[in-house]
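An overview of the molecular structure
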Amino acid sequence: MRSNTREITMNMIGTFIKPMHPEGRKFVAIFAAVTFGLFLLTPILGWIGMGLTVWCYYFFRDPERVTPARPGLVVSPADGVISLIEPAIPPAELGLPDVPLTRVSVFMSVFNCHVNRAPVAGEVTAVAYRPGKFFNASLDKASADNERNSLAIRMEDGRDLAVVQIAGLVARRIVCFVKSGAHLDRGARFGLIRFGSRLDVYLPEGVTPLVDLGQTMVAGETVIADLTAAAPTQTVAGVDNG
C-alpha cells in the first residue's frame, strides 16, 4: 500500500512539475533575484514577483513527448493552435523551388511550451536566419516581415520540408540548436523562441494537411499530415479525373 501511495504521489507531482530547458535557467534566476528584492520592499510586490518567477519556469518547461512511430507522418513542431493554412512560397533564403506550398502555421502564446521539435526525420540541408520586425505572430504578414530562422529538411524519399521559427510581438530571441548537415529524428528538439511566437511548416507539394484552423497542437505528437496518403482526386465539371 505504501508503494502504491508513493507512486500516485510521484505521478501527481510529475503532472504539475516538468523539467526545465537549460535555456531558461538564467531567466528564472533573474526573476528569482528580483523577487527577493521585492520581498525586501513589500510582501505584496514579492508575491507578485513569485508568481512571475513561476510563470517564467513554466514558460521554459520541456516535457517529454511520445512521437508517433508510423512512417510518413508529419508532426507539429510546436505547442499552440493552428492560425493559418494557406499556399505560400517558402523563404527564399532556403534555396527551395519558387513554387507555392501548403503552409501550416502554429501560433504559440506566452503560456505554451516553446521548445520546437522536428516535424519529420531527415537531413538539415539549410539553416538560414533573417532579421526582421516583431509584428504579432498570429498575423499573416509575420511570415514575410518578422525576424525568422528557417530550416530545410530533406527526407529519406528525397522530398524537402521547410520549418520556420518566427519571432512574435514579445519574442526577441530565436534559438536554433542544429546546423546544416545535422540529422534530425522526428520529434527531436531543434530550437525554441522567447517569448510568444509562431512556427510555419511548408508541406511538400501535393501533401494535404490533416488539421484545421483553431485546432490545438502538441509539439512532437499531433499529426499535421501524412506523406504516404494519396493526393485527393480532382473533379472538373462533375467528372472524376482520378
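Thresholds, definitions, all that
- Residues numbered from 1 in each chain as written.
- Predicted model: local features only at pLDDT ≥ 70, side-chain atom pairs only at ≥ 80, totals over all residues.
- Heavy atoms only, no water.
- Helix = DSSP H or I, 4+ residues; strand = E, 2+ residues; numbered from the N terminus.
- Buried < 20%, exposed > 50% of the residue type's maximum accessible area, 1.4 Å probe, protein only.
- Expected span 1.5 Å × (residues − 1).
- Arc of directions from axis to C-beta.
- Core = buried A, V, L, I, M, F, W, Y, C linked by side-chain atoms within 4.5 Å.
- Contact = heavy atoms within 4.5 Å.
- Pairing = 2+ DSSP bridges.
- Axes fitted to C-alpha atoms, helices over the stretch in contact; angles between N-to-C directions.
- Phe/Tyr/Trp six-rings, centres within 6.5 Å; stacked < 30°, edge-to-face > 60°.
- pLDDT = per-residue confidence, 0-100.
- Salt bridge = Lys/Arg side-chain N within 4 Å of Asp/Glu carboxyl O.
- Patch = residues over 30% accessible without salt bridge, like charges linked within 9 Å, V, L, I, M, F, W, Y side chains within 5 Å.
- Areas by Shrake-Rupley, 256 points an atom, 1.4 Å probe, with all protein chains shown as cover.

In terms of regular secondary structure, the protein is built from four helices and 15 strands. Per-residue burial for the protein yields a buried fraction of 43% across its 242 residues.

For helix α2 (residues 25-41), spanning 17 residues, the distance from its first C-alpha to its last is 25 Å, which sits close to the expected 24 Å at 1.5 Å a residue. Among all positions of α2, only Phe27, Val28 and Thr35 are buried. Buried positions in α2, seen along its axis, are confined to an arc of 95° and lie on one side of it. Away from its buried face, by an angle of more than 90 degrees, α2 presents the exposed residues Arg25, Lys26, Ala33, Phe36 and Leu40.

Counting residues in hydrophobic clusters, the biggest one holds 29 residues, and the most contacted among them are Val74, Leu203 and Ile224. When sequence neighbours within four positions are dropped, the list of residues in contact with Val74 reads Pro119, Val120, Leu161, Leu203, Thr222, Val223, Ile224, Ala225 and Leu227.

So, about the sheet that holds strand β10 (residues 189-194). Pairing within the open sheet is antiparallel, and its three strands lie in the order β4-β10-β8. Among the strands making up the open sheet, the edge pair consists of β4 (115-117) and β8 (173-176). Averaged over all adjacent pairs, the angle separating strand axes in this sheet is 20°, with direction ignored. For β8 and β10, the ladder comprises four bridges, and the chain directions are antiparallel.

Here we come to the packing of aromatic side chains. In total, this model carries one aromatic pair according to the counting rule given. Seen from their ring centres, Phe39 and Trp47 are 5.4 Å apart, and the 80° between their planes marks the pair as edge-to-face. Trp47 gets classed as exposed once you look at its relative accessible area, which sits at 57%.

Turning our attention to the pairing of strand β2 (residues 80-88). Bridging between β2 and strand β12 (residues 216-217) involves two bridges; their strand directions are antiparallel. Its bridge partner being in β12, Gly80 is matched across the sheet by Met217. Relative to strand β3 (residues 101-108), β2 is paired through seven bridges, and the arrangement is antiparallel. If you follow Val81 over to β3, its bridge partner there is Phe107.

With that settled, the discussion passes to the sheet that holds strand β11 (residues 197-202). Across the sheet, eight strands lie side by side as β9-β5-β6-β7-β11-β3-β2-β12; this open sheet has antiparallel pairing. On the outer flanks of this sheet lie β9 (183-184) and β12, each paired with one strand and no other. With two bridges joining them, strand β5 (residues 122-130) and β9 adopt antiparallel strand pairing. Following the sheet pairing, Glu123 is matched in β9 by His183.

This part covers the environment of Phe111. Mapped onto the secondary structure, Phe111 falls in the loop between β3 and β4. Distance from Phe111 to Phe60, taken between C-alpha atoms, is 9.8 Å for residues 51 residues apart in sequence.

With that settled, consider the confidence of the model for the protein. Averaged over every residue, the pLDDT of the protein is 81; residues scoring 70 or more account for 75%. Model confidence for the protein, summarised as mean pLDDT per element, is weakest for strand β14 (residues 235-236) at 37 and strongest for strand β1 (residues 73-75) at 97. Within the model, pLDDT remains below 50 along residues 3-15, and this stretch shows zero contacts once partners closer than five positions in the same chain are excluded. Scored below 50 in pLDDT, residues 231-242 makes 10 contacts in the model with residues more than four places away or belonging to other chains.

Attention shifts here to the pairing of β5. Sheet topology note: the β5/strand β6 (residues 148-154) ladder contains seven bridges and is antiparallel. If you follow Tyr129 over to β6, its bridge partner there is Asn149.

As a further point, take the pattern of salt bridges. As enumerated under the stated definition, the model contains nine salt bridges in all. Between Asp160 and Arg154 there is a salt bridge, with its nearest N and O atoms 2.8 Å apart. The structure contains a network of salt bridges with shared partners spanning Glu86, Arg103, Arg198 and Asp200.

Here we come to a nonpolar patch on the surface. On the surface, a cluster of nonpolar side chains totalling about 510 Å² of accessible area is made up of Leu41, Ile44, Leu45, Ile48 and Leu52. Broken down by element, the residue count for the nonpolar patch peaks at four residues, all from helix α3 (residues 43-59). As for its placement among the helices and strands, Ile44 is situated in helix α3. What makes Ile44 exposed here is its relative accessible area of 63%.

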